[in-house]
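Below, each chain spelled out in residue letters.
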Amino acid sequence: MSTGASILRLIAAREIRERLRTRAFRVMTVLTLLIVIGSIAIPSLQGSDPPVYDVGLVAPASEAIHLAVEGIGPQIGADVDVVDLPDAATAEAAVRTGKVDVAVVGAEQLIIGKAIERGDGSRRARMVVSVAEAVRLQVGLERAGLQADKAAAALASPPPRLVAQRPSSTDDSRRFTALAGLVLLYVQLLQYGGWVLFGVIEEKSSRVIEVLLSAVRPGQLLAGKVVGIGLLALGHSLLLVVAALVTASVTGSDLLQHTAFVPIVTTAGWFLLGYALYCTLYAAAGSLVSRQEDAQNVSAPLMLPMLAAYFTSITALTGGDASMIVKVLAYVPLTAPFAMPVLVAIGAVHPWQVAVSVAITLGAAILLGRGAAAIYSRSVLRTGQRIRWRDAMRRAPAVEIPASA
Amino acid sequence: MLELDRLTRRFGGNAALDGFTCSIPAGAVLGFLGPNGAGKTTAMRIVMGILAPDSGEVRWQGRRITADDHLRFGYLPEERGLYPRMIVLDQLVYLGRLHGMSETAARTSATSWLDRLGLADRAGDNLEALSLGNQQRVQLAAALVHSPDLLVLDEPFSGLDPVGIDALSSVLEEEAKRGVTVLFSSHQLDLVEDLCEQVVVIHRGRLVAAGAVADLTAGDGRSLVVEVDGDEAGTWAARLKGVTVTPLRGGRVRVQLPEGRDPETVLRAARRGGVLRHFEFERVPLSQVFRNAIAS
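Conventions used here
Residues numbered from 1 in each chain as written. Chains lettered and ligands numbered in written order. Predicted model: local features only at pLDDT ≥ 70, side-chain atom pairs only at ≥ 80, totals over all residues. Helix = DSSP H or I, 4+ residues; strand = E, 2+ residues; numbered from the N terminus. Buried ≥ 20, exposed ≤ 12 C-beta atoms within 10 Å, placed from the backbone. Contact = placed C-beta atoms within 7 Å. Nonpolar A, V, L, I, M, F, W, Y, C, P; charged D, E, K, R; others polar. Pairing = 2+ DSSP bridges. Axes fitted to C-alpha atoms, helices over the stretch in contact; angles between N-to-C directions. Arc of directions from axis to C-beta. Left-handed = near helix turned anticlockwise from the far one by under 90°. Core = buried A, V, L, I, M, F, W, Y, C linked by C-beta atoms within 7 Å. Parallel < 35°, antiparallel > 145°, perpendicular 65-115°, else oblique.

## Some words on the overall build of chain A
In step 1: Each helix and strand in chain A was counted, giving 17 helices and 4 strands.
In step 2: Considering chain A as a whole, with its 405 residues, one finds that 39% of them fall into the buried category.
In step 3: Sequence-distant contacts, at least 24 apart, represent 75% of the contacts inside chain A between residues at least 6 apart.

## Here's the deal with the interface of chain A and chain B
In step 1: Contact residues are listed per partner, giving 23 residues for chain A and 35 residues for chain B.
In step 2: Of all the elements in the fold, those that place two or more residues in the side of chain A that touches chain B are α1 (4-21) and α9 (208-213) of chain A.
In step 3: Of the residues contributing to the side of chain A that touches chain B, the split by class is 14 nonpolar, 4 polar and 5 charged.

## Quick word on the sheet that holds strand β11 (residues 223-228) of chain B
All names here are of chain B.
In step 1: On the basis of which strands lie adjacent, the open sheet formed by 4 strands has the order β12-β13-β11-β14 and antiparallel pairing. Each end of this open sheet is capped by a strand with a single partner; those strands are β12 (244-247) and β14 (276-281). Adjacent strand axes in the sheet meet at a mean angle of 20 degrees, parallel and antiparallel pairs treated alike.
In step 2: Bridging between β11 and strand β13 (residues 253-256) involves 4 bridges; their strand directions are antiparallel. From the neighbouring strand, valine 225 faces β13, where its bridge partner is arginine 254.
In step 3: Packed on one face of the sheet, helix α9 (residues 263-273) meets β11, β13 and β14 and runs near 15 degrees to β11.

## Examining helix α10 (residues 286-295) of chain B
An α-helical turn contains 3.6 residues, so a residue and the one three or four places further along point in the same direction.
All names here are of chain B.
In step 1: Among the residues of α10, Leu286, Val289, Phe290 and Ala293 are the ones counted as buried. Buried positions in α10, seen along its axis, are confined to an arc of 100 degrees and lie on one side of it. What points out from α10, more than 90 degrees from its buried face, is the exposed set Arg291 and Ala295.
In step 2: Among the structural elements, β3 (29-33), α7 (189-195), β9 (198-203), β10 (206-212) and α8 (213-217) are those in contact with the buried residues of α10.

## Here's the deal with the packing of helix α3 (residues 63-70) of chain A against helix α6 (residues 123-143) of chain A
Residues and elements named next belong to chain A.
In step 1: Between α3 and α6, whose axes approach to 9 Å, the crossing angle comes to 145 degrees. Every pair of crossing elements has a handedness; the one defined by α3 and α6 is right-handed. Here Ala64, Ile65, Ala68 and Val69 of α3 come into contact with α6, specifically with Val131, Ala134, Val135 and Gln138.
In step 2: Of the residues that constitute the contact of α3 with α6, the class distribution is 7 nonpolar, 1 polar and no charged.

## Here we look at the sheet that holds β3(B)
As a general point, the strands of a sheet are linked pairwise by backbone hydrogen bonds and lie either parallel or antiparallel.
All names here are of chain B.
In step 1: Taken together, the 6 strands give an open sheet; going across it, the order is β6-β7-β8-β3-β9-β10, and neighbouring strands pair in mixed fashion. Pairing within the sheet leaves two strands with one partner each, and these edge strands are β6 (73-76) and β10. In this sheet, neighbouring strand axes are inclined to one another by 15 degrees on average, regardless of whether the strands run parallel or antiparallel.
In step 2: Pairing geometry for β3 and β9, over 4 bridges, is parallel. Note that in β9 the partner of phenylalanine 32 across the bridge is valine 200.
In step 3: Lying on the sheet, helix α6 (residues 162-177) is in contact with β3, β7 (150-154) and β8 (181-185); it crosses β8 at an angle near 150 degrees.
In step 4: Together, β3, β9 and β10 form the strand contacts of α10, whose direction differs from that of β9 by roughly 35 degrees.

## Quick word on helix α1 (residues 40-47) of chain B
In step 1: Judged by how many residues are buried, α1(B) sits mostly within the fold: 8 of 8 residues are covered.
In step 2: Just beyond α1(B), the residue with positive phi is Gly49(B), at close to 80 degrees.

## Some details on the environment of Asp149(B)
Residue and element names in this part refer to chain B.
In step 1: If you trace the backbone, aspartate 149 turns up in the loop between α5 (132-144) and β7.
In step 2: Residue aspartate 149 is classed as partly exposed on the basis of its 18 C-beta neighbours within 10 Å.
In step 3: When the C-alpha positions of aspartate 149 and methionine 86 are compared, they lie 27 Å apart, and in sequence the two are 63 residues distant.
In step 4: Setting aside residues no more than four positions away along its own chain, aspartate 149 makes contact with Arg72, Val180 and Thr181.

## Some remarks on the nonpolar core
Soluble globular proteins tend to pack their nonpolar side chains together in the buried interior.
In step 1: If you look at the biggest cluster of nonpolar residues, it comprises 153 residues, and the most contacted ones within it are Val196(A), Cys279(A), Ala283(A), Ala339(A), Val342(A), Ala141(B) and Val152(B).
In step 2: Ignoring sequence-local partners within four residues, the contact set of Ala283(A) consists of Val196(A), Val200(A), Leu222(A), Lys225(A), Val226(A), Ala372(A) and Tyr376(A).
In step 3: Listed in part, the 27 residues of the second largest apolar core include Ala61(A), Ile65(A), Val80(A) and Ala103(A).

## Digging into the packing of helix α13 (residues 295-319) of chain A against helix α15 (residues 336-345) of chain A
In a packed pair of helices, the relevant descriptors are the angle between the two axes and the axis-to-axis distance.
Residues and elements named next belong to chain A.
In step 1: One can describe the packing of α13 onto α15 by two numbers: an axis separation of 9 Å at closest approach and a directional angle of 5 degrees. The angle between α13 and α15 places the two elements in the roughly parallel class. Facing Ala309, Tyr310, Ser313, Ala316 and Leu317 of α13, the residues of α15 in contact are Phe338, Ala339, Val342 and Ala345.
In step 2: Residues belonging to the contact of α13 with α15 are distributed by class as follows: 8 nonpolar, 1 polar and no charged.

Here's what the structure looks like:
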């Protein structure tokens, strides 16, 4: 006779086999792969040539100023070309028409197009500031009596190298991995949670459920479905991650060197927890209705925590600063898989806090999983009208609608 | 032997089963009769382990039924349904495997049932591509694929055309010959009369009649149906004392005998009256047995 494990394997294998057969799955997989590969390959292909800035120098300008301005290129990671301009009026026109990005008029004036805000960290802003600084120093040193070539030599020595003892709390690589994990979790939960939901509804609406339940228990059916679709989700996600890493290494994107092994593993861990939590609940939701049209209504309560956690976490991640809300959500089971990895990435929590969050989420996953299985068992044979969550949570079904007798 | 012992099951305030008890001998074909809402489907679901009774128990071969026993049962639910977008053969193999068969055994059995039911050329199609009648056949194959020891069929004949009815009847007869116990519900009493040795009648969740079809439909031996050629009114019986003659359709008459009268005298009178075409002890139709049972 079949053991529980072999039944589970049979059910999970059917889920995987049937999904792989569908066109929708193949199209979706190819599409997401293209998006991931494209979003890495295209910027890195474009970004392989450093930007070029044209700096206009109004005559008379010393050779040393020329050299000093050209020398800022390596500092800001761009090429700087110097253009000689006859007078201030030509310089203004050159900036206006975009022939040059900056025009240096003697030691007193830099003409730029669009104004630069305080705190602007863009490459253009850094270029403008660097040009101003170079002119100020060169002219200052010359005025202080230093020969122009001596002054240039004095300025040519590279700045000291920074040796950091701890990584920055807004480490790009960790933030990037957390962001990728967040988006992946959100997108995959929507996709595969939807499959669990509609898979359960399909079994109810097609009435195959009664044939299945004459051979297996509701809990086995639920577990097999969640595991099977979960393996697909995991496989699909792994495929995307591998595609991203391979694309990055082939195109020489700097993404690869930033992606550490540990953040990927922890992100995967949170991914699994989040999937287990949501998909058992999606299955319970599916068991409450018998028609595809009711899917939206019954799954809406699950969308709320997911959306709230996703958007607050994204905001925290891009801002580099955790709001109180995110700090609270990091300990709430349904939102922790989104919020906690973000707090980790921006360095806002201690390891013990992560452990507490994991323990809470894991405990909740087990409890909710059991609850969902109970709701599923009670509701899956009841067809017809939509069953309310509240009624399904009660121990005994209020009404059962038998087929006819 | 399948025994249903004092099964009770309530839904809200309604008792679908109220101490229902019956037993089915191994290898018998049993018709499960009852008006709509009598509790037939609930009883069948409890036998299949899909529903749990509030009280009472089901026994199979003398022991309380287990999950492993359920794997040896085949079920055709009243609400038919399989995976619409799954390939017919894959579906049957999957169901066979859920019942504990190996991949090879399930494939062999599924293929032979599809062959037997005339669906060999549709084995590779999605179920939803088949006509409703053919989907019904696949559903039957799904109940049979794992060679069950007990078949529980809820309204198996509903929705079938006469050809389908004949096909299903012959499958049931063969399965019974193989030693399979068959329990099926139906409102088509003529079919039940043809197929079943035994019937059980359930009404409002209780057993109201049970027994061999032959016993239940046997009359009291004092009602005869006679046809004498050319004598539609039964004038040949006019000289018999104490009998009541009622004309029936098709030139026949019903002859009701008084207590103590020998049917032999009626036979002789009929022979004298003309060419005797028909003479039998009248049986009670199963529909009448059914009506009497639920009226009591």
